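# Notes for the structure review
Listed below are the residues making up each chain.
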Amino acid sequence: MSGLRIRPETPADADAISALTTAAFAGAEHSDGTEAEIVARLRAADALLLSLVAMQAEQMLGHVAFSEVTIGGQDRGWVGLGPVSVLPARQAEGIGSALIRAGLSRLQTTRRGCVVLGDPGYYRRFDFAVTPGITYPGVPPKYFMALTWEDPVPQGEVAYHPAFTG
Ligand SMILES: CC(C)(COP(=O)(O)OP(=O)(O)OC[C@H]1O[C@@H](n2cnc3c(N)ncnc32)[C@H](O)[C@@H]1OP(=O)(O)O)[C@@H](O)C(=O)NCCC(=O)NCCS
């Protein structure tokens with residue numbers, strides 16, 4: 001996409017990210033409407049490990065957040081992807097993919113793996129896969145996927161930052 005620029009969020013972006021997240025999830029059937037609050041809570045808790053925005057000229061078209069997760073109650077250097085949001089009128093143009101790929105590329109050098117809770121039909125294109133031994137309680141296993149940059153893969157139940165779960 002021409003003119004799309006992906007950069008880390010700045011303090012001035014917070015309101016626009018909140019509005020964008022609310023708009024993106026408004027029509028999502030799996031949404032509970034709290035995704036903008038999740039991002040705000042993570043930021044307030046200094047738990048937003050990486051927060052990228054996609055800009056075209058001065059307009060914000062997309063956002064992705066990454067935050068730390070534990071596996072088996074321990075910090076294993078893993079992160080959780082999400083929420084990820086694209087402006088409804090601009091979905092399915094590759095913006096979400098560009099944000100996710102940019103985030104994973106940055107994190108791959110410093111982190112050991114990433115988990116995501118979401119639609120396997122979307123996330124498998126980034127090589128996320130249901131991974132034996134990496135579990136998340138309360139959701140059907142096919143919706144919880146991992147992308148690992150280490151071998152062997154750690155085993156255990158994943159927990160998001162307390163600010164994520166509220
Ligand atoms: C999900 C989302 C971030 C994807 O970003 P995007 O820029 O629209 O998607 P991309 O252009 O990168 O990818 C488009 C592809 O993803 C598919 N896709 C988009 N949203 C999808 C979804 N929720 N589930 C499954 N597939 C999805 C499209 O059908 C398209 O498939 P194709 O490449 O096989 O034709 C965006 O659609 C969005 O903000 N949705 C509402 C909020 C949401 O559901 N966030 C994710 C929560 S897990």
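Before reading on, note that the structure itself is shown above.
Residues numbered from 1 in each chain as written. Predicted model: local features only at pLDDT ≥ 70, side-chain atom pairs only at ≥ 80, totals over all residues. Heavy atoms only, no water.

### Notes on the overall build of the protein chain
Scanning the protein chain for helices and strands turns up 5 helices and 8 strands. Tracing the protein chain from N to C terminus, the helices and strands come up as β-α-α-β-β-β-α-β-α-β-β-β-α. The C-alpha radius of gyration of the protein chain comes to 15 Å, within 12% of the 15 Å expected for a compact globule of 166 residues. If you line up the protein chain on its principal axes, its C-alpha atoms span 45 × 30 × 30 Å. Relative to its 166 residues, the protein chain shows a buried fraction of 42%. Contacts in the protein chain between residues at least 24 apart in sequence constitute 66% of all its contacts with a sequence separation of at least 6. As displayed, the protein chain has an accessible area near 8400 Å², and 51% of this comes from carbon and sulfur atoms. (Helix = DSSP H or I, 4+ residues; strand = E, 2+ residues; numbered from the N terminus. Rg over C-alpha atoms; globule rule 2.2 N^0.38 Å. Buried < 20%, exposed > 50% of the residue type's maximum accessible area, 1.4 Å probe, protein only. Contact = heavy atoms within 4.5 Å. Areas by Shrake-Rupley, 256 points an atom, 1.4 Å probe, with all protein chains shown as cover.)

### With respect to helix α2 (residues 35-44)
Every buried residue of α2 is listed here: Glu35, Ala36, Ile38, Val39 and Leu42. In an axial view of α2, the angular spread of the buried residues amounts to 160°, which keeps them on one side of the axis. Buried residues along α2 sit against α1 (14-25), β2 (48-56), β3 (59-71), β4 (74-86) and α5 (162-165). Just past α2, the residue Asp46 takes up positive phi, approximately 60°. (Arc of directions from axis to C-beta.)

### Remarks on the packing of α1 against α2
Think of two packed helices as two axes; the pair is described by the angle between the axes and how far apart they sit. For the pair α1 and α2, interaxial distance at closest approach is 8 Å and the crossing angle is 150°. Judged by the inter-axis angle, α1 sits roughly antiparallel to α2. On α2, the residues that touch Ala14, Ile17, Ser18, Thr21, Thr22 and Phe25 of α1 are Glu35, Ala36, Val39 and Arg43. Residue composition of the contact of α1 with α2, grouped by class: 5 nonpolar, 3 polar and 2 charged. (Axes fitted to C-alpha atoms, helices over the stretch in contact; angles between N-to-C directions. Parallel < 35°, antiparallel > 145°, perpendicular 65-115°, else oblique. Nonpolar A, V, L, I, M, F, W, Y, C, P; charged D, E, K, R; others polar.)

### Re the layout of surface pockets
Its volume calculated, the largest pocket comes out at about 1200 Å³. Mapped by element, the contributors of at least two residues to the lining of the largest pocket are α1, α2, β4, α3 (95-107), β5 (113-117), α4 (120-123) and α5. Examining the composition of the lining of the largest pocket, we find that 6 residues originate from one element, β4, more than from any other. Residues that form the lining of the largest pocket fall into these classes: 19 nonpolar, 12 polar and 7 charged. (1 Å grid on protein atoms, 1.4 Å probe; cavity = no way out; pocket = protein on both sides within 12 Å on 5 of 7 lines; lining within 4 Å. Points joined across faces, edges and corners; volume = space filled by probe spheres on them.)

### Quick word on the pattern of salt bridges
According to the stated counting rule, one finds 4 salt bridges in the structure shown. Residues Glu68 and Arg111 are paired through a salt bridge, measuring 3.8 Å at the closest nitrogen-oxygen approach. Highlighted residues: Glu68 in strand β3 and Arg111 in the loop between α3 and β5, separated in sequence by 43 residues. (Salt bridge = Lys/Arg side-chain N within 4 Å of Asp/Glu carboxyl O.)

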